Amino acid sequence: MSSARRQLHLNLFLMGVGHHEAAWRHPRTDPSRLSDIRYFQELAATAEAAAFDSVFLADGVEGPTPGANAWVSHFEPFTLLSALAVSTERIGLIGTVSTGFTEPYNLARQFASLDHLSRGRAGWNIVTSAGDRAARNFGRDRNQDHATRYRRAAEYLEVVGSLWDSWEDDALLLDRVAGRVTAPDKLHEIDHRGEHFQVLGPLNIPRGPQGHPLLVQAGSSEDGRDFAARHAEAVFTAQQTLEEGQAFYRDLKRRAAALGRDPGGVVVLPGIVPVLGSTEAEAKALDQELDLLIDPSRAVGTLSTLLGVDLRDHPLDAPLPPLPPVAAINGAKSRFELVRDLAERDGLTLRQLIGRLGGGRGHQVLAGTPEQVADHIELWFGQGAADGFNVMPPILPEGLDLFTEHVVPLLRERGLFRHEYQGTTLREHYGLPRPANRYTDRYPNR
């Protein structure tokens, strides 16, 4: 595809009443709406009206640590995305599900169901779940080590893909005259026996409109990059500088090409937190208002867990103490490295670091005018650091409204973003083909 026709991809990352950790305390948000499905339907409708490729839901399978804030309602992805599927028509619906604490058969069935319900708009954000708190909710004392989690994830994906293909596209006959519901030779027992799973198959639902839902991944460690290069079709990532973004982009595309994949089939989407104002001063004032609402004790506790160092008695106005080597971290290795590098590069004190992380957990926070945000997006897109962006408004719904009303029109004026959808499925929005069925290829002469 020529550079003149290359178009941005925009995904809306839905999180509570905004991505700033203190958004719920700001007077321009209403956290009481977080248990109201209409709130999420309105956000999805706004993003769809602006022709965003997709909306995305993060998820975890553990409760908050003692003393941390917990939402009254935190919908799990399949329930919420199914509700959004019937209130929207075109926007993609991406949900996070862990390979560590679910079974492949159930997940394959759930995503196939969502793909049918949405007429081809389902996407799976694949995570391996770091940390031990989640493991203790599933009968384990601690989580698996980092490398084992990724081996399990690779086998998990093989099983799920085989199950999605276990119905060939023309397996469903519904032949009333002959009394045949399905073509028996076009349903396949996958009979998988591996290190982590034994699954017979076939799936108990026909192949979805997209064949396979869009596969998304967000890890940036070595294991994460290898997994993304081999399997992912869209990659959510976090880089702080253009140079870091370019390096990640080149590395991931190179790895995909080395595996025989089309690098254009791996869409890279860094996260951005656009703090918008009619002037730069107005935007920075909102950013400061939010930072002042951060609870330092809670933020320090969260950071301690991430970095593997107890910072609760560390002076807020001092630099970080020595940190463990990344090899000692069994949690989110890439996020550990991002936070460590941010603190070292900018010489941040603990207080400054929790302020920087409060806005977007390590993603870029852009406080400025719509023109400044559009300039930043165009720079990263044009200079080989991004294929689009994972948009993370600091407060919702206001931040999304401002972005769609003021930034999106600028991107369209510059020829960078669509005016309307060109396709109907999530794969079509991302310019990706429908995967061939492995069993149809295996038995071509029936």
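Refer to the structure above for everything that follows.
Asker: Please explain the nonpolar core as it appears in this structure.
Answerer: One recurring pattern in soluble globular proteins is that nonpolar side chains are buried together. Residues Phe 52, Trp 124 and Phe 403 are the most contacted members of the largest nonpolar core, which totals 94 residues. With eight residues, helix H4 (residues 146-165) is the largest single contributor of residues to this core. Counting residues in each nonpolar core, the second largest holds 20 residues, with Ile 294, Leu 320, Leu 342 and Leu 353 among its members.

Asker: Even after reading the chapter, I still don't get the side chain of Thr 349, so can you show me in this structure?
Answerer: Within the secondary structure, Thr 349 sits in the loop between helix H9 (333-346) and helix H10 (350-360). Look at Thr 349 and you get buried, because its relative accessible area is 15%. Once residues within four sequence positions are removed from consideration, Thr 349 is found in contact with Leu 316, Asp 317, Ala 318 and Pro 319.

Asker: Would you explain the packing of aromatic side chains in this entry?
Answerer: Each aromatic ring pair is characterised by the separation of its centres together with the angle its planes make. In the structure shown here, the tally under the stated rule is 13 aromatic pairs. Ring geometry for Tyr 156 versus Phe 197: centroids 5.4 Å apart, planes at 85°, classification edge-to-face. Here the residue Tyr 156 occupies a position in helix H4, and Phe 197 occupies one in the loop between strand E7 (192-193) and strand E8 (198-199), the gap between them amounting to 41 residues. Each member of the pair, Tyr 156 as well as Phe 197, carries the same accessibility label: buried. Taken together, the aromatic side chains of Phe 78, Phe 111, Trp 124, Tyr 156, Trp 164 and Phe 197 make up a single cluster linked through ring pairs. Sitting over the face of the ring of Phe 381, Arg 6 holds its NZ or CZ atom 3.8 Å from the ring centroid.

Each value, and the rule that gives it
- Residues numbered from 1 in each chain as written.
- Predicted model: local features only at pLDDT ≥ 70, side-chain atom pairs only at ≥ 80, totals over all residues.
- Heavy atoms only, no water.
- Core = buried A, V, L, I, M, F, W, Y, C linked by side-chain atoms within 4.5 Å.
- Buried < 20%, exposed > 50% of the residue type's maximum accessible area, 1.4 Å probe, protein only.
- Helix = DSSP H or I, 4+ residues; strand = E, 2+ residues; numbered from the N terminus.
- Contact = heavy atoms within 4.5 Å.
- Phe/Tyr/Trp six-rings, centres within 6.5 Å; stacked < 30°, edge-to-face > 60°.
- Lys NZ or Arg CZ within 6 Å of the ring centre and 35° of its normal.

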